[in-house]
Amino acid sequence: MKLVHFQIVGDIVRFPDGRGATSVRENLVSFVDLAPTILRLAGVEVPSFMQGRDFLEGESREFVYASRDRMDEVLDRQRSVRDEQYRYVRNYMPELAYFRPLQFRDMFPIMKDLWAESSNTNLTEEQNFYFTAPRPTEELYDLSEDPDEVNNLAGQPGHEKALVRMRNALERWQDDVGDWGNVPETEMVGQMWPGLEQPVTSEPQAEQESNSEGLVRVTLSSVTEGASIGYRIDEGTWQLYTGPVSIGTDQTLQAKAIRYGYKESAITTVSTKDQAELSTREVALIGVDGFEFRDLNKNGTLDPYEDWRSPAGERAADLLGRMTLEEKVGQIAHGNIWPNAPFGAPATGYDLEAAEEVMSGGHITAFIPFATLNFLTFVEQNNAIQEMAERGRLGIPATISADPF
Ligand SMILES: [Ca+2]
């Protein structure tokens, strides 16, 4: 692929090598022509579904087209075509004025002035045109004589031929591209989101292949048509997937997919790490991709925070997202574990019942024990606390600090 840098600002095109500097081209350019022109300059094949044409090397346009539908909270439907001389406008909602209150546009000083002068009936006829309904169904302007488009020639004698020619050009274009303007918005959303529910992008499928250099080559794909795939290795930055990626030993690749308008997929993980050593007392182990994980929230599936292959920060963020406010508050408190005997009297262990109450009721998982126990009992009692922690809703382990006396 050739490396091409080019910049377009308004109607100025600048090539870094100065090609064509100061030259002026008069041909009509449509916004949809930008993408195919850039693709061609970058040496990428232009997909057949693109409506535009290469405006630098392609055939010149006879017509350019424009449309106006929803603008923020304001509905409208207009279609327009222009050639070298004329601009033709079709108003599909002529019962409505051009200008209706539109929060974003009305922030601008000129709009504030226009609205004020409109209510004072101080506008000229040309200015007032934009505030008046009904609008004409058709508008036709001769741009060579009337570049400000104030003299509507549609229906005026002597311009029938131009009117018919422009009207036909617009209708041909609408047939060619398939104009969705008459389809209600909810119906359009329904076509993209069946049942008006946002679809979820399918998670990437990963094919792995080991090569002779000890690397694993990962090929990613998504069954959701039009989805883009992003990936990262260990804690690296997310990158756009464009072709197979190789990972070395002791590395983890994560991938996710998203289609525009859809929800992001779940993460697919490919890892060359060795199985982590896991021990568990109260929660089940689950197997995924040939690895074992602790099902800390007991839902039978591997959740991101349970995946020891993932970066710690990501696991913590996932866990945090699952915690209730009470559980988060519990994390900033440090509780006591009391001996199972009056303070100062010899104890045989912790008061586990009281500890359980602090854990399940107070959502506290960090403790300091106040008990003098022999070493083996101390270990057993701490393990009993960890078992309680494992039984907790999210299986967050207990942190036990030492202050023996
Ligand atoms: Ca789980």
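Worth saying up front: this structure is predicted, and the values here are computed from it rather than measured.

Q: Mind showing me how you'd approach the packing of helix H8 (residues 352-362) against helix H9 (residues 375-391) here?
A: A pair of packed helices is characterised by two quantities: the angle between their axes and the separation of those axes. With their axes 11 Å apart at the nearest point, H8 and H9 run at an angle of 35 degrees to one another. Here H8 and H9 pass one another in a crossing that is right-handed. Mapping the contact onto sequence places Leu 352, Ala 355, Glu 356 and Met 359 in H8 and Ala 384, Ile 385, Met 388 and Ala 389 in H9. Per-class residue counts for the contact of H8 with H9 are seven nonpolar, no polar and one charged.

Q: Any chance you could explain unusual backbone geometry here in plain terms?
A: Excluding glycine, residues mostly carry a negative phi; peptide bonds, for their part, are mostly trans. A cis amide bond, omega -5 degrees, links Ala 133 with the succeeding residue Pro 134. Mapped onto the elements, Pro 134 comes out in the loop between helix H3 (125-128) and strand S6 (138-142). Even without a glycine there, the phi angle at Thr 22 is positive, about 65 degrees. With respect to the helices, strands and loops of the structure, Thr 22 is situated in the loop between strand S2 (12-14) and helix H1 (34-41). Although it is not a glycine, Glu 149 adopts a positive phi angle of roughly 55 degrees. Counting through the fold element by element, Glu 149 comes out in the loop between S6 and helix H4 (160-177). Taking the C-beta count within 10 Å as the criterion, Glu 149 has 15 such neighbours and is therefore assigned partly exposed.

Q: How do you make sense of the domain arrangement of the protein when you look at a structure like this?
A: A common measure of how large an interface is: the accessible area buried when the components associate. When the domains of the protein are assigned, the result is domain 1 (1-61), domain 2 (205-271) and domain 3 (323-405). Computed over C-alpha atoms only, the centres of domain 2 and domain 3 are separated by 42 Å.

Q: Would you take a moment to explain the sheet that holds strand S18 (residues 399-400) for this structure?
A: Note: strands within a sheet are paired through backbone hydrogen bonds, in either parallel or antiparallel orientation. Reading across from one edge, S16-S17-S18 is the order of the three strands in this open sheet, with parallel pairing throughout. Each having just a single partner strand, strand S16 (335-337) and S18 make up the two edges of the open sheet. Across three bridges, S16 lies against strand S17 (residues 366-369) in parallel orientation. Directly across from Asn 336, in S17, lies its bridge partner Ile 368.

Q: Looking at this structure, how should I read the sheet that holds strand S4 (residues 78-82)?
A: Spatially, the four strands line up as an open sheet ordered S3-S4-S5-S6, and their pairing is antiparallel. Both outer strands of the open sheet, strand S3 (64-68) and S6, are each paired with one neighbouring strand and no more. Here the average twist between neighbouring strands, direction ignored, is 15 degrees. As judged from the five bridges shared by S4 and strand S5 (residues 86-91), these two strands associate in the antiparallel manner. Within the sheet, the bridge partner assigned to Gln 78 lies in S5 and is Asn 91.

Cut-offs used in this document
Residues numbered from 1 in each chain as written. Predicted model: local features only at pLDDT ≥ 70, side-chain atom pairs only at ≥ 80, totals over all residues. Axes fitted to C-alpha atoms, helices over the stretch in contact; angles between N-to-C directions. Helix = DSSP H or I, 4+ residues; strand = E, 2+ residues; numbered from the N terminus. Left-handed = near helix turned anticlockwise from the far one by under 90°. Contact = placed C-beta atoms within 7 Å. Nonpolar A, V, L, I, M, F, W, Y, C, P; charged D, E, K, R; others polar. Buried ≥ 20, exposed ≤ 12 C-beta atoms within 10 Å, placed from the backbone. Domains from an automatic or database assignment. Pairing = 2+ DSSP bridges.

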